[in-house]
Amino acid sequence: HMLMAYANEQNALRIAKEDVRKAREFALQGFAKSLLDVADNLHRARDAVPPEALDEDGNEVLKSLLEGVKLIEDGLFKVFNKNGIESFGEVGDEFDANLHEALYMYKDPTATPGTLGLVTQIGYTYHGRVIRPVKAGIVDPASAEPAAEGN
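Worth saying up front: this structure is predicted, and the values here are computed from it rather than measured.

### Details of the overall build of the chain
Piece 1. Along the chain, the regular secondary structure elements total four helices and six strands.
Piece 2. Beginning at the N terminus, the succession of helices and strands in the chain can be written as α-α-α-α-β-β-β-β-β-β.
Piece 3. Taken over C-alpha atoms, the radius of gyration comes to 23 Å for the chain, far larger than the 15 Å a tight globule of 151 residues would show.
Piece 4. Its C-alpha atoms put the chain at 80 × 65 × 20 Å along the principal axes.
Piece 5. In the chain, which comprises 151 residues, the share counted as buried stands at 25%.
Piece 6. For the chain, long-range pairs separated by at least 24 residues make up 66% of all intrachain contacts whose partners lie at least 6 apart in sequence.
Piece 7. Within the chain, one finds 16 positive and 25 negative side-chain charges whose respective centroids are separated by 12 Å.

### A word on the sheet that holds strand β6 (residues 134–139)
Piece 1. An order of β2-β6-β3 is seen for the three strands of this open sheet, with the pairing classed as mixed. At either margin of the open sheet sits one strand with a lone partner, and together these are β2 (100–106) and β3 (116–121). For this sheet, the mean angle separating the axes of adjacent strands, direction not counted, is 30°.
Piece 2. Here β3 runs beside β6; their pairing, made up of four bridges, is antiparallel. Residue Leu-116 lies in a different strand from β6, and its bridge partner there is Ile-138.

### Some remarks on the sheet that holds strand β5 (residues 129–132)
Piece 1. Across the sheet, which stays open at both edges, the three strands sit in the order β1-β4-β5 with antiparallel pairing between neighbours. Edge positions in the sheet fall to β1 (85–88) and β5, since each has one partner strand and no second. Direction aside, the axes of adjacent strands within the sheet are offset by 35° on average.
Piece 2. Examined bridge by bridge, strand β4 (residues 123–126) and β5 share three bridges and lie antiparallel to one another. Residue pairing across strands places Tyr-124 opposite Arg-132, the latter belonging to β5.

What counts and what doesn't
Residues numbered from 1 in each chain as written. Predicted model: local features only at pLDDT ≥ 70, side-chain atom pairs only at ≥ 80, totals over all residues. Heavy atoms only, no water. Helix = DSSP H or I, 4+ residues; strand = E, 2+ residues; numbered from the N terminus. Rg over C-alpha atoms; globule rule 2.2 N^0.38 Å. Buried < 20%, exposed > 50% of the residue type's maximum accessible area, 1.4 Å probe, protein only. Contact = heavy atoms within 4.5 Å. Lys, Arg positive; Asp, Glu negative; His and termini not counted. Charge placed at Lys NZ, Arg CZ, Asp CG, Glu CD. Pairing = 2+ DSSP bridges. Axes fitted to C-alpha atoms, helices over the stretch in contact; angles between N-to-C directions.

So this is what it looks like as structure tokens:
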């Protein structure tokens, strides 16, 4: 009975330590998720400036502004990486319902069927746990060209 009580106590202690570790690790998950909108808006601001606008003379203010946005975005991603937040999801990745949210399917004979064709919003993980899935258009598996039959 004494050994059984000791084993139960050790199991309870191990479980409690694991619960405390998880609580500490994921305590800031909500805060991390709220920062994703900031990252999205910085990305949109950067993409809103067409490259040809930077080539024109007299756009020094626009160039400086874009450089500042890029620096802020880079700094934010350094903080993300330091704190366990990582982005994922690129065109060509194989669709996985656990990681990706399919917004629509479309036919594209030039792309690999069942992959991400157009990423509208990248995804993020926090210490390996998905906090926002990738939102994307998926290349329809039916768009694959049928194999040519030999005679």
